[in-house]
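# Breakdown of the fold
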Amino acid sequence: MHPLQALAVAAAGIAAGTINTVVGSGTLITFPVLLAVGLPPLTANVSNGLGLVPGSLFGAIGYRDELAGQARRIRKFGVMSVLGAAVGAVLLLILPADAFSAVVPVLIVIALLLVVLQPWLARRLAARKREATGNTDSWLLLLGIFGTGVYGGYFGAAQGVLLLGLMGVVLTESLQRINAIKNVLAMFANLTAGIVFIFVAHISWLAVALIAVGSAVGGVLGARVGRKLPPVVLRGLIVVIGVAALAKLLLT
């Protein structure tokens, strides 16, 4: 990898780490850059996922105030993300490369609709949640997080948008506190898949290192920016980035 190519990969890592912390879809920046510098698709995919782990970690640290009081929820959701990501990593190794190409745009559209309708849906569900004595982490949400983990372990582009859409409808939490959980779950998914890939797939450790450094910087920047955004602005940003991700997937 030439110095200019290495610089491009690191810069993509910074951009992806920032976007992932605020919303998600950073993979749509780093993955094409890795392909452009000559990495095979599978190597680029697995190296990218592993390199983005520090970005999610630093993003989660930046959101530590919003994570306060959510330890039990993080443990429960984290288990589902880890299990799903392990399944997704195995699927990546055994399924055709385009196996998810048809379903991914549909998932993103559903997630964006959930994000847009979240305030109205949350009000409609509020009474049921109170009757459930605070047990809002329903089995349907857990199943959804498991499914998102599968997708995250397989590819992961717009994983954050999917998580925000799912949790935003079901949980009686602010969008910022949900975003904080999203960063932790994305980290779990990427790390789990990365551990699987270390043993069974070829990894470009130079690409991992460059993206890791860049995404760590981006995670810090993303947390500083994202935590200051009002809910309406954050929701609008989610929709804009989600639509951009959808367009990129459909046009490539």
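A brief look at the structure comes next.

About the criteria used
- Residues numbered from 1 in each chain as written.
- Predicted model: local features only at pLDDT ≥ 70, side-chain atom pairs only at ≥ 80, totals over all residues.
- Heavy atoms only, no water.
- Helix = DSSP H or I, 4+ residues; strand = E, 2+ residues; numbered from the N terminus.
- Buried < 20%, exposed > 50% of the residue type's maximum accessible area, 1.4 Å probe, protein only.
- Core = buried A, V, L, I, M, F, W, Y, C linked by side-chain atoms within 4.5 Å.
- 1 Å grid on protein atoms, 1.4 Å probe; cavity = no way out; pocket = protein on both sides within 12 Å on 5 of 7 lines; lining within 4 Å.
- Points joined across faces, edges and corners; volume = space filled by probe spheres on them.
- Salt bridge = Lys/Arg side-chain N within 4 Å of Asp/Glu carboxyl O.

Structurally, the position occupied by leucine 246 is in helix 12 (residues 231–251). Judged by relative accessible area, which is 14%, leucine 246 ranks as buried. Considered as a pair, leucine 246 and alanine 158 are 88 residues apart in the sequence and their alpha carbons are 8.7 Å apart.

What follows covers the nonpolar core. Of all hydrophobic cores here, the largest spans 28 residues; its most connected members are Phe77, Ile145 and Met167. Only helix 4 (53–62), helix 6 (71–94), helix 8 (139–154), helix 9 (159–170) and helix 10 (175–200) provide two or more residues apiece to this core. Counting 12 residues, the second-largest nonpolar core is a separate cluster that includes Ala6, Leu34, Val37 and Ile211.

Attention now moves to empty space enclosed by the protein. Taken as a whole and assessed by the stated rule, the structure comprises three cavities of 30 Å³ or more. Counted as a void, the largest cavity has a volume near 150 Å³. Lining of the largest cavity is provided by 20 residues; of these, Asn20, Thr27, Gly156, Gln159 and Asn190 occupy positions nearest its centre. Looking at the lining of the largest cavity, the elements that each hand over two or more residues are helix 3 (41–51), helix 9 and helix 10. When residues of the lining of the largest cavity are assigned to their parent elements, the largest contribution, four residues, is made by helix 10. In this structure, the second largest cavity encloses a volume near 70 Å³.

The next subject is the environment of lysine 228. Structurally, lysine 228 is set in the loop between helix 11 (205–226) and helix 12. In this structure, the C-alpha to C-alpha distance between lysine 228 and glutamine 176, residues 52 residues apart in sequence, is 9.2 Å.

Between side chains of opposite charge, a pair can form when the charged atoms approach closely. Scanning the entire structure with this criterion turns up four salt bridges. With its nearest N and O atoms 3.0 Å apart, the salt bridge here joins arginine 227 to glutamate 66. Of this pair, arginine 227 sits in the loop between helix 11 and helix 12 while glutamate 66 sits in helix 5 (residues 64–67), and the two are 161 residues apart along the sequence. According to the relative accessible area criterion, arginine 227 is partly exposed, its value standing at 33%. Where glutamate 173 meets arginine 177, a salt bridge forms, and the shortest distance between an N and an O atom there is 2.7 Å. Via salt bridges that share partners, Asp65, Glu66 and Arg227 belong to a single interconnected network.

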